[in-house]
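For reference, the chains in residue letters:
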Amino acid sequence: MPNQNLTDMAEARRRSSVDAAKLHRFAWGGEKEWQTKQRIVSVLSNDPALNKTRRSFLSRTELYTRALAMTKRLYELKDEHGWSTEEATFAARIMDEPLPIYLHNAAFEPVLLSQGSPELKEKYQELVAQRGIVGCYIQTELGHGTNVASLETTATYFPETREFEIHSPTLTSSKWWVGALGKTATHGVIQARLILPSGKDVGPHLFFIQLRSLEDHRTLPGITIGDIGPKAMAGYNAVDNGYARFDHVRIPREHMLSAFASVTPDGQYVHPPHAKISYGGMMYIRSSMVVSAGWTIAKGATIAIRYATVRRQGGKGADGLERQVIAYPSVYHRLLPTLAHAYVFIILGRNLWKAFSDMSARLAAGDTSLLAEMHATTSGLKILVSTVAIEDLETARRSMGGHGFSDFAGVGRLYADYLPAATYEGDNYVLDQQVVRAALKAYDTLVIRKARSVSELTPSSLYLRLLVKPDSATTIPAALVWTDPQTSILLLEQRAAAMVAERAKHQNDPDASSDTRVARAVTDAFVAVQVGEIIRGLERIPGGREAQVLQKVYLLHLLTTLESGLVDLLSFGLLSTSVVASAREADPSRGLRMAIKQLCIELLPEAIALTDGFGFGDWELDSALGRYDGNAYEELWKRVQMEPLNKSEVPDGYEEFIKPLLARGQRLAGKSKL
């Protein structure tokens, strides 16, 4: 009997009109990058030390030990295959699970290199690069996280010995949640309040500190370190998120990260060129979160769309088969936008990374002109991508029915590991306030004080031009053309402008949800303009039929973003009832929703090829239901047989627990003769 799952997947690929190979190059940034990815994945997926078969059944301690073994093997492979540092970091990133080394790569090393003094880097840079020491980024405390300005750990300078004294004065000053701190890291970059000899507190600054002996890995005197325990839903189980307390621990003066701010030998403070320049580490991570969210959503979307393609439920068609689940409007309306989000964030994140690299180069030269703009942009995008990714992963999981709750489905694991992104590197609801503060400042400068011209607006505040200089290019037409991306872009910019103006009117008495709504509108407008630029570049790369299909993908993102903001659009009258087809259609949003439906119908035959365009192999996804060949049910059956509970027919607890329980029940029921 033919395997219907395999037949359905093969047919889905046959129906597509796009070439997945061209999409690979588009998504990965070129043929060279795609081939590098394939080469590294081929090595990783065939290495026994990186086998994923048993990980669902391991305890937390076993997962941590396995992560250490994987990390060791990773750098052995680097040596064996001559990988560059960038290739090794890339390999760590695609391992499909968080590893303790991740914070070394993502935060410790970049911050040390960008903010350390030449002397500090000369001494430690090579050790850091070769992983001769392993670092972590020690910022969050038991009592404070996003509110960096209120951190309690102190670094007091003593000019007589030219040392800083790192101290945890209270229980709530204990460092907390720090990845790799619990058991792995030998060193760290720590945020602490700088206290000058005069007693003046000049706020949080960064310091380089050794945590453990390089001889036997024991914690150094004056430092108390441990692991904070298991996380919700078993997320990040292989990572030793830790705590630390410092009891008057002395470090050399040279261990202050002093590329921008410093303390002279006699205790004089040298101010940085910008008050928030030490936030570069957070901005670095926030910048990388955009593309990371894109690839995470891509995994969830790929698994869910593949399973929805081979899963059949409901009424039978002329062929005698039940309908494919992907064909139901309630399913494709949920899943296809997740696909669009992935393509948006992957390309947007790559472009943002280039902008951050430009800012970093300017900072190194003492130019802080881009810092405020990058801070506002990365704050808004961090909120957006983490919120959308969390929603999309749960949407993907729920679309898979009951099987989506199985660990073997793979999406639940992605969700658990990604969920803390809403909180780390700045709690989203707190960052909302920062985004709104930047928007109100730009509004005041342009509209109220008229101290800046429209031509001087930055990309994150470009929408404000609509409040100053409306013209034919910025006027919403009476008849909305939903197939034109510019319609959606302009509406999203109009929404942002209207909401910022309204927020400014009630600056002293805003409603409780205004910051969240305004921050989302501002960021949606910024992203919409960037999506417009991406669309304009599609004819060049990838070109051809792929460009036509991708334009629909990006248009779907724009239209569904509008749909999610309908309350705002209707509140400010941006969707007029004059645009409806007839008097009987009193809902001004119907045209938008029907346009979304039509786009989804057009994209349905391309859905599998679009997921193939991300280039994930079965080893990367590690999903029974998201297999490339569609063989979902046989793979799920196979994995279930590996469950340790299935090794014996009668469970270990039968004699001690089940048998007495049954005997008691039978006795009370008067059926002891059964």
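Definitions and cut-offs
- Residues numbered from 1 in each chain as written.
- Predicted model: local features only at pLDDT ≥ 70, side-chain atom pairs only at ≥ 80, totals over all residues.
- Heavy atoms only, no water.
- Helix = DSSP H or I, 4+ residues; strand = E, 2+ residues; numbered from the N terminus.
- Buried < 20%, exposed > 50% of the residue type's maximum accessible area, 1.4 Å probe, protein only.
- Contact = heavy atoms within 4.5 Å.
- Areas by Shrake-Rupley, 256 points an atom, 1.4 Å probe, with all protein chains shown as cover.
- Lys, Arg positive; Asp, Glu negative; His and termini not counted.
- Charge placed at Lys NZ, Arg CZ, Asp CG, Glu CD.
- Pairing = 2+ DSSP bridges.
- Patch = residues over 30% accessible without salt bridge, like charges linked within 9 Å, V, L, I, M, F, W, Y side chains within 5 Å.
- Salt bridge = Lys/Arg side-chain N within 4 Å of Asp/Glu carboxyl O.
- Core = buried A, V, L, I, M, F, W, Y, C linked by side-chain atoms within 4.5 Å.
- Axes fitted to C-alpha atoms, helices over the stretch in contact; angles between N-to-C directions.
- Parallel < 35°, antiparallel > 145°, perpendicular 65-115°, else oblique.
- Left-handed = near helix turned anticlockwise from the far one by under 90°.
- Nonpolar A, V, L, I, M, F, W, Y, C, P; charged D, E, K, R; others polar.
- Polar contact = N/O pair within 3.5 Å; in protein donor to acceptor, adjacent residues only side chain to side chain.
- Expected span 1.5 Å × (residues − 1).
- Arc of directions from axis to C-beta.
- Phe/Tyr/Trp six-rings, centres within 6.5 Å; stacked < 30°, edge-to-face > 60°.
- pLDDT = per-residue confidence, 0-100.

1. Some thoughts on the overall build of the protein
So, point 1. Each helix and strand in the protein was counted, giving 21 helices and 13 strands.
So, point 2. For the C-alpha atoms alone, the extent of the protein along its principal axes is close to 90 × 85 × 60 Å.
So, point 3. Put simply, the protein has 674 residues, and 53% of those count as buried.
So, point 4. Within the protein, contacts between residues at least 6 apart in sequence are counted, and of these 74% link residues at least 24 apart.
So, point 5. As displayed, the protein has an accessible area near 30400 Å², and 54% of this comes from carbon and sulfur atoms.
So, point 6. Within the protein, one finds 76 positive and 75 negative side-chain charges whose respective centroids are separated by 3 Å.

2. Describing the pairing of strand S9 (residues 249-252)
Regular strands place side chains that alternate from one sheet face to the opposite one.
So, point 1. A one-sided burial pattern is seen for S9, the buried positions being Val-249 and Ile-251 and the unburied ones Arg-250 and Pro-252.
So, point 2. Examined bridge by bridge, strand S3 (residues 163-167) and S9 share 4 bridges and lie antiparallel to one another. By the bridge assignment, Glu-163 is partnered in S9 with Pro-252.

3. Quick look at a nonpolar patch on the surface
So, point 1. A cluster of nonpolar side chains, Phe-657, Ile-658 and Leu-662, forms an exposed patch at the surface whose accessible area comes to about 280 Å².
So, point 2. Tracing the backbone shows Ile-658 in helix H21 (residues 654-668).

4. Some thoughts on the environment of Gln-125
So, point 1. Note on placement: Gln-125 falls in helix H7 (residues 118-129).
So, point 2. Measuring from C-alpha to C-alpha, the distance between Gln-125 and Leu-113 comes to 7.4 Å, with 12 residues separating the pair along the chain.
So, point 3. If we ignore the near neighbours within four places in the chain, the residues touching Gln-125 are Leu-113 and Leu-120.

5. Digging into the nonpolar core
So, point 1. Counting 140 residues, the largest nonpolar core has Leu-44, Tyr-343 and Tyr-554 as the members making the most contacts within it.
So, point 2. The element that contributes the greatest number of residues to this core is helix H9 (residues 329-364), accounting for 17 residues.
So, point 3. By size, the runner-up hydrophobic cluster in this structure holds 27 residues, among which are Ile-138, Ala-185, Ile-209 and Ile-225.

6. Observations concerning the sheet that holds strand S7 (residues 223-227)
So, point 1. Read across the open sheet, the 3 strands follow the order S4-S8-S7; overall the sheet is antiparallel. The two strands at the open ends of the sheet, each matched to only one other strand, are strand S4 (175-178) and S7. Looking at each pair of strands side by side, their axes are set apart by 20° on average, direction ignored.

7. As for the packing of H9 against helix H10 (residues 371-399)
So, point 1. Running from N to C, H9 and H10 cross one another at 155°; their axes reach a closest spacing of 10 Å. As judged from the angle between their axes, H9 and H10 are roughly antiparallel. Of the two possible hands of crossing, H9 and H10 adopt the one that is left-handed. The residues of H10 that touch H9, namely those facing Arg-334, Leu-335, Thr-338, His-341, Phe-345, Leu-348, Leu-352, Ala-355, Phe-356, Met-359 and Leu-363, are Leu-371, Met-374, Thr-377, Leu-381, Leu-384, Val-385, Val-388, Asp-392, Thr-395, Ala-396, Arg-398 and Ser-399.
So, point 2. For the contact of H9 with H10, the class distribution of residues is 15 nonpolar, 5 polar and 3 charged.

8. Some remarks on the side chain of Thr-561
So, point 1. Inspection of the secondary structure assignment puts Thr-561 in helix H15 (residues 544-564).
So, point 2. In this structure Thr-561 comes out as buried when scored by relative accessible area, which is 8%.
So, point 3. Within polar-contact distance, the side chain of Thr-561 engages the backbone oxygen of His-557 at 2.7 Å.
So, point 4. Among all residues touching Thr-561, those that are not within four sequence positions of it are Leu-492 and Asp-524.

9. Considerations on helix H17 (residues 590-603)
So, point 1. End to end, H17 covers 20 Å across 14 residues, agreeing with the expected 20 Å (1.5 Å per residue, within 8%).
So, point 2. Every buried residue belonging to H17 is among Leu-592, Ala-595, Ile-596, Leu-599, Cys-600 and Leu-603, and all of these are buried. Buried residues along H17 cover an arc of 135° about the axis, so they all sit on one side.
So, point 3. On its buried face, H17 sits against H9, H15, helix H16 (566-571) and helix H18 (607-612).

10. Observations regarding the packing of aromatic side chains
So, point 1. Under the counting rule described, the total for this entry stands at 13 aromatic pairs.
So, point 2. For the ring pair Phe-57 and Phe-408, a centre distance of 6.1 Å and an interplane angle of 65° mean the geometry is edge-to-face. With a gap of 351 residues between them, Phe-57 in the loop between helix H3 (31-45) and helix H4 (60-81) and Phe-408 in the loop between H10 and helix H11 (411-418) connect regions that are remote in the sequence.
So, point 3. Both rings, one in Tyr-157 and one in Phe-164, keep their centres 5.0 Å apart while their planes meet at 50°; by these two values the pair is tilted. Both residues of the pair, Tyr-157 and Phe-164, belong to the buried class.
So, point 4. Among the aromatic residues, ring-to-ring pairing joins Trp-28, Phe-90, Trp-295, Tyr-343, Phe-614 and Phe-616 into one connected group.

11. A word on the confidence of the model for the protein
So, point 1. Averaged over every residue, the pLDDT of the protein is 93; the share at 70 or more is 96%.
So, point 2. A low-confidence stretch, residues 577-583 (pLDDT under 50), is modelled with 8 contacts involving residues beyond four sequence positions or located in other chains.

12. Points about H3
So, point 1. Over its 15 residues, H3 runs 21 Å from end to end, which matches the ideal 21 Å to within 8%, given 1.5 Å per residue.
So, point 2. Regarding H3, the residues found buried are Trp-34, Thr-36, Lys-37, Ile-40, Val-41, Val-43 and Leu-44.
So, point 3. Each element contacted by the buried residues of H3 is listed here: helix H2 (20-28), H4, helix H5 (85-93) and helix H19 (618-621).

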